[in-house]
Amino acid sequence: GESVGLHLPTLSVQEGDNSIINCAYSNSASDYFIWYKQESGKGPQFIIDIRSNMDKRQGQRVTVLLNKTVKHLSLQIAATQPGDSAVYFCAENTNSGGSNYKLTFGKGTLLTVNP
Amino acid sequence: DVKVTQSSRYLVKRTGEKVFLECVQDMDHENMFWYRQDPGLGLRLIYFSYDVKMKEKGDIPEGYSVSREKKERFSLILESASTNQTSMYLCASSSWDYYQPQHFGDGTRLSIL
């Protein structure tokens with residue numbers, strides 16, 4: 001899976017399967033997490049977010065799970081479609097006061113969906 | 001929907017030129033950001049602004065400056081472009097609410113020859 005600082009991993013799935021993309025974060029004080037999707041030639045697109053007072057949040061076909069004990073975040077995509085092919089990356093924020101809007105981004109995971 | 005618009009998708013400039021990248025957002029967001037994205041290095045923050053005429057350095061501000069004269073517009077300036085500034089530049093904006101995500105434009109792919 002992905003970790004902030006590692007090379008870009010890849011995940012290849014069949015159309016219709018469920019996908020799980022992982023992200024490890026290092027700062028135990030981080031309290032807000034975001035998943036982005038970036039298609040080729042486009043900017044990152046917001047998918048879903050989660051606060052540290054939650055361990056699960058669901059959207060349309062996507063679920064984010066947060067395990068604060070092991071500092072792990074995952075994105076689950078149900079019934080993966082070819083249009084889901086993209087780079088997915090997580091971002092974390094730490095409320096440190098002052099300029100606390102800065103995000104730390106992971107390097108991303110390339111998801112390829114095979115028809 | 002939030003819309004962040006970057007003025008150019010592709011730009012080619014020469015070494016030593018002064019380059020301006022423009023970004024406009026339509027959601028009345030207080031915060032605006034400039035990143036560059038390079039293969040293997042991910043997204044790196046250059047500068048950000050949390051209010052008109054306010055700016056703060058990010059992680060890699062050297063060789064860049066910014067301008068925020070109006071709330072909706074944030075400009076990135078390469079004072080004297082160099083080949084190592086060839087990159088994808090991404091602008092983002094977010095509201096004052098800490099628990100709201102940043103929203104990105106589609107980027108400007110800048111080549112310095």
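Residues numbered from 1 in each chain as written. Chains lettered and ligands numbered in written order. Predicted model: local features only at pLDDT ≥ 70, side-chain atom pairs only at ≥ 80, totals over all residues. Heavy atoms only, no water.

Once that is clear, we can look at the overall build of chain B. Summing up its helical and strand segments, chain B has 0 helices and 11 strands in all. Along chain B, from the amino end to the carboxyl end, the secondary structure elements read β-β-β-β-β-β-β-β-β-β-β. Over its C-alpha atoms chain B spans a radius of gyration of 13 Å, differing by no more than 12% from the 13 Å that the globule rule assigns to 113 residues. For chain B, with 113 residues in total, the buried portion stands at 50%. Put simply, 55% of the contacts in chain B that link residues at least 6 apart link residues at least 24 apart. Working note: accessible area of chain B is about 5,500 Å², and carbon and sulfur atoms make up 49% of it. Charged side chains of chain B number 15 positive and 16 negative; the gap between the two group centres comes to 7 Å. (Helix = DSSP H or I, 4+ residues; strand = E, 2+ residues; numbered from the N terminus. Rg over C-alpha atoms; globule rule 2.2 N^0.38 Å. Buried < 20%, exposed > 50% of the residue type's maximum accessible area, 1.4 Å probe, protein only. Contact = heavy atoms within 4.5 Å. Areas by Shrake-Rupley, 256 points an atom, 1.4 Å probe, with all protein chains shown as cover. Lys, Arg positive; Asp, Glu negative; His and termini not counted. Charge placed at Lys NZ, Arg CZ, Asp CG, Glu CD.)

For soluble globular proteins, the rule of thumb is that nonpolar side chains tend to be buried together. All names here are of chain B. Of all hydrophobic cores here, the largest spans 20 residues; its most connected members are W34, I46, L76, L78 and Y89. Put simply, the parts of the chain that give this core at least two residues each are β3 (19–25), β4 (31–38), β5 (42–49), β7 (64–70), β8 (73–78), β9 (87–94) and β11 (108–112). Setting aside its immediate chain neighbours within four residues, L78 contacts E17, K18, V19, G63, Y64, Q85, Y89 and L110. (Core = buried A, V, L, I, M, F, W, Y, C linked by side-chain atoms within 4.5 Å.)

Taken as a whole and assessed by the stated rule, the structure comprises 2 disulfides over all chains. Two residues share a disulfide in this structure: C23 of chain A and C90 of chain A, whose sulfurs sit 1.8 Å from each other. The disulfide joining C23 of chain A to C90 of chain A has a torsion of about 45 degrees about its S-S bond and is therefore right-handed. Of the two residues, C23 of chain A is situated in strand β3 (residues 19–24) and C90 of chain A in strand β9 (residues 86–94); the sequence distance between them amounts to 67 residues. Across a sulfur-sulfur distance of 1.9 Å, C23 of chain B and C91 of chain B are joined as a disulfide pair. Since a negative S-S torsion denotes a left-handed disulfide, the C23 of chain B-C91 of chain B link at about -80 degrees is left-handed. (Disulfide = S-S within 2.5 Å.)

Purely spatial values, then, with no claim about function.
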